[in-house]
Amino acid sequence: MTNKASAELSAMDELTPRQHQILKLMQQGKVNKEIARELDISLGTVKQHLVAIFRKLNVQNRTMAVARLAEFKDQSGFDQVFSGETLMAKRPCIVLSLKIGKGQPRAARKRFHTCLSEMAFDCNAFFISREEGEGDLIFGLKRSSAQDMRLATLVADHVNRVMSNPLDLDSSLPSGGSVLSGAIVAGLINISQNRFGGWSGDTVGSHVLSWGHRLRDSAPGGYLVIDQPVQDVMKAFDLTMPNGVPDQLAFSDISTLNDWDVRTDKPLVGRESEFSEIEKLLAGAFSILIVEGENGIGKSRLCREAARKAISQKYFLSYIRVLPTGYLDSANNGYYDQWQDIVRALPDNTPVLVVVDEAHHLTDEGCADLTEYMNGLPEHHKLLVSGRQSQTYAFDPSIELIVRKVHLQRLSQSDLDTFFSGADVSPELAERCRGIPLFARELAMNEPGTISFALLVTVASRIDKFRVDWKLLYCVASHKESVSMIRLSELMCDDFAYIKAAVNRAVALGVLSLDEAQASFKHPLVKDVVHYLFKPNQHSDVVSRAS
């Protein structure tokens, strides 16, 4: 927000509720007598309020005051953002655009559309069916997730496998990946959003789809185009392109994106005590280690280091990523619908380390299956479970002695300096990243004042998960300083009791802070993201081509 915009927001905050009413009526063209009659106050009282309004807004007449209100509305965006219980917002989305070659028989086109529709349902994505043989899946429209990029690649791989299967299709249909071509793009989509997150189902508008179509149409048969901005997002979420053509990936090679052993990993920093627990796990001091921490804190990075250590000690590794749709074994290139299938695939009489990453995505059934496995853990198995706080499992009392739990803390200032190869981290960067490795890496890689797509997804997914009132968050984010709950009630046109409860909930979840009835964001980067996503008529400063 510019200094001028901040000053005008502050000036508007100084107006009383009655003065706001008078200013709005002036904007409607009403004269003093009409204002007095509508508000049931005296003409002299109206004139006194006008003097106060002119002074607070630093204007000299009615025309200037109304112009200042129009400027404020354009800067704050309240009228454009809020419409009843929905909000006009930008949402970070991943678009997978696919098509099959021209001239395919009806059976092939039907299988293609059926497959995309089924995957949209399984992955909570939005399916757009355009012409026959073309289709788009939009991930993140309903709820943002750091898993969306990985899900898009898995769907592309699955559709390719389905379309490569000649069963029930015309024998003249080309076999293999040449049937399919596509693209993955990342960007911002303008939508009507529910107050508590997710698409309302009314409005969608973006250049992201057309950009995806252009890339898809340029892709050779059997290839998926993934441009550099998308690759930057993939790196943030531990997916890396194999060597070869920089922006093209053969459908047959998609599985390589989900290899657990990320080549670009930095050395582990600030996790000495946690890694010593992993060494104790592999040495047999206990059998189950549960790692907890917030988004971006480095849980997966610690899991990968544990996997490398286990392999060096001749363990068989099963590295499981929990997805909303099932389980991906990134070590053995397997995908499973049921936990029992994973256990059956493990070898007998061999030391085994099972890593379960992103365990917070487990369904109730999946959590129950994992707990059953823990309670009956084979003697030669070791289990490392990683997820957001706090994970609870119904352990049998008999195994409590073989279970350890560690909570990953944020990195210290000295750890951040080491993280950036000994360079001194500026106070501003340290303040914005707050010791979270993902935030630190993304902020350091991009120009000051920009917000990477990965950070947008990470923050949005956290708020979506908490189901905090986005309207409340935007009202707080639009103020340079803290804002009173009374003022929030006026801006949101909501009952004060509701505002108080909503603010207290956001405080309890660690999103907002409250000091003497004044609300503010606990994390400056979260404030910047919220303000950006709801700011109308603003040029994009997100690091992504299709925003």
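Every value quoted in this text rests on a predicted model; they were computed, and no experiment measured them.

A separate point is the overall build of the chain. Counting its regular elements, the chain contains 22 helices and 20 strands. When burial is assessed residue by residue, the chain has 54% of its 547 residues classed as buried. For the chain, the share of sequence-separated contacts (at least 6 apart) that also reach a separation of at least 24 residues comes to 69%. Split by element, the accessible area of the chain, about 24400 Å² in all, is 49% carbon and sulfur.

Orientation of helix H19 (residues 470-477) relative to helix H20 (residues 485-492), taken along the N-to-C sense of each, is 115 degrees, at an axis distance of 10 Å. H20 is crossed by H19, and the crossing has right-handed handedness. In contact with Lys 471, Leu 472, Cys 475 and Val 476 of H19, H20 contributes Leu 488, Leu 491 and Met 492. Residues that form the contact of H19 with H20 fall into these classes: six nonpolar, no polar and one charged.

Applying the stated criterion across every chain yields a total of zero disulfides. Looking at the unpaired Cys 493, the closest cysteine sulfur is the one in Cys 475, lying at 9.2 Å. Residue classification places Cys 493 among the exposed positions, given a relative accessible area of 69%.

Here three bridges tie strand E5 (residues 180-194) to strand E7 (residues 223-226), and the two strands are oriented parallel to one another. Bridging from a neighbouring strand, Ile 184 pairs with Ile 226 of E7.

Either a parallel or an antiparallel arrangement is found when strands of a sheet pair, and the pairing is made through backbone hydrogen bonds. In space, the three strands of this open sheet follow the order E17-E19-E18, with antiparallel pairing throughout. Each having just a single partner strand, strand E17 (483-484) and strand E18 (512-515) make up the two edges of the open sheet. Pairing analysis gives four bridges linking E18 to strand E19 (residues 518-521), with the strands arranged antiparallel. Within the sheet, the bridge partner assigned to Ser 513 lies in E19 and is Ser 520. The sheet strands contacting helix H21 (residues 496-508) are E18 and E19, and the helix crosses E18 at an angle near 115 degrees.

Assignment of secondary structure puts Arg 432 in helix H16 (residues 427-433). Given the relative accessible area of 18%, Arg 432 is considered buried. Side chain to side chain, Arg 432 and Asp 528 meet in a polar contact 2.5 Å long. If we ignore the near neighbours within four places in the chain, the residues touching Arg 432 are Phe 439, Leu 443, His 523, Pro 524, Leu 525 and Asp 528.

Now for the pattern of salt bridges. In the structure shown here, the tally under the stated rule is 25 salt bridges. Put simply, Lys 309 and Glu 279 hold a salt bridge, and the shortest N to O gap is 3.9 Å. Of this pair, Lys 309 sits in helix H12 (residues 299-312) while Glu 279 sits in helix H11 (residues 272-283), placing them 30 residues apart in sequence. Judged by relative accessible area, which is 25%, Lys 309 ranks as partly exposed. According to the relative accessible area criterion, Glu 279 is partly exposed, its value standing at 34%. The closest approach of N and O atoms between Lys 405 and Glu 292, which form a salt bridge, is 3.5 Å. Residue Lys 405 is located in strand E15 (residues 403-407), and its partner Glu 292 is located in strand E9 (residues 288-292); the two are separated by 113 residues in the primary sequence. What emerges from the salt-bridge pattern is a single network uniting Asp 238, Asp 261, Asp 265, Arg 301, Arg 304, Glu 305 and Arg 308.

Burial of strand E2 (residues 86-100) is extensive: twelve of the 15 residues sit out of reach of the surface. With 15 bridges joining them, E2 and E5 adopt antiparallel strand pairing. Note that in E5 the partner of Ile 100 across the bridge is Leu 180. Inspection of the sheet shows E2 paired to strand E4 (residues 134-139) by six bridges, in the antiparallel sense. Paired with Val 95 across the two strands is Ile 138, which belongs to E4.

Once that is clear, we can look at unusual backbone geometry. Excluding glycine, a negative phi dihedral is what most residues carry, and trans is how most peptide bonds are arranged. For Arg 467, which is not glycine, the phi dihedral falls at a positive 55 degrees. Its location among the elements puts Arg 467 in the loop between helix H18 (453-466) and H19. In this model, Ala 517 sits at a positive phi of 65 degrees, which is unusual for a non-glycine residue. Note that Ala 517 resides in the loop between E18 and E19.

Conventions adopted
Residues numbered from 1 in each chain as written. Predicted model: local features only at pLDDT ≥ 70, side-chain atom pairs only at ≥ 80, totals over all residues. Heavy atoms only, no water. Helix = DSSP H or I, 4+ residues; strand = E, 2+ residues; numbered from the N terminus. Buried < 20%, exposed > 50% of the residue type's maximum accessible area, 1.4 Å probe, protein only. Contact = heavy atoms within 4.5 Å. Areas by Shrake-Rupley, 256 points an atom, 1.4 Å probe, with all protein chains shown as cover. Axes fitted to C-alpha atoms, helices over the stretch in contact; angles between N-to-C directions. Left-handed = near helix turned anticlockwise from the far one by under 90°. Nonpolar A, V, L, I, M, F, W, Y, C, P; charged D, E, K, R; others polar. Disulfide = S-S within 2.5 Å. Pairing = 2+ DSSP bridges. Polar contact = N/O pair within 3.5 Å; in protein donor to acceptor, adjacent residues only side chain to side chain. Salt bridge = Lys/Arg side-chain N within 4 Å of Asp/Glu carboxyl O.

The quantities given are spatial measurements derived from coordinates; they are silent on function.
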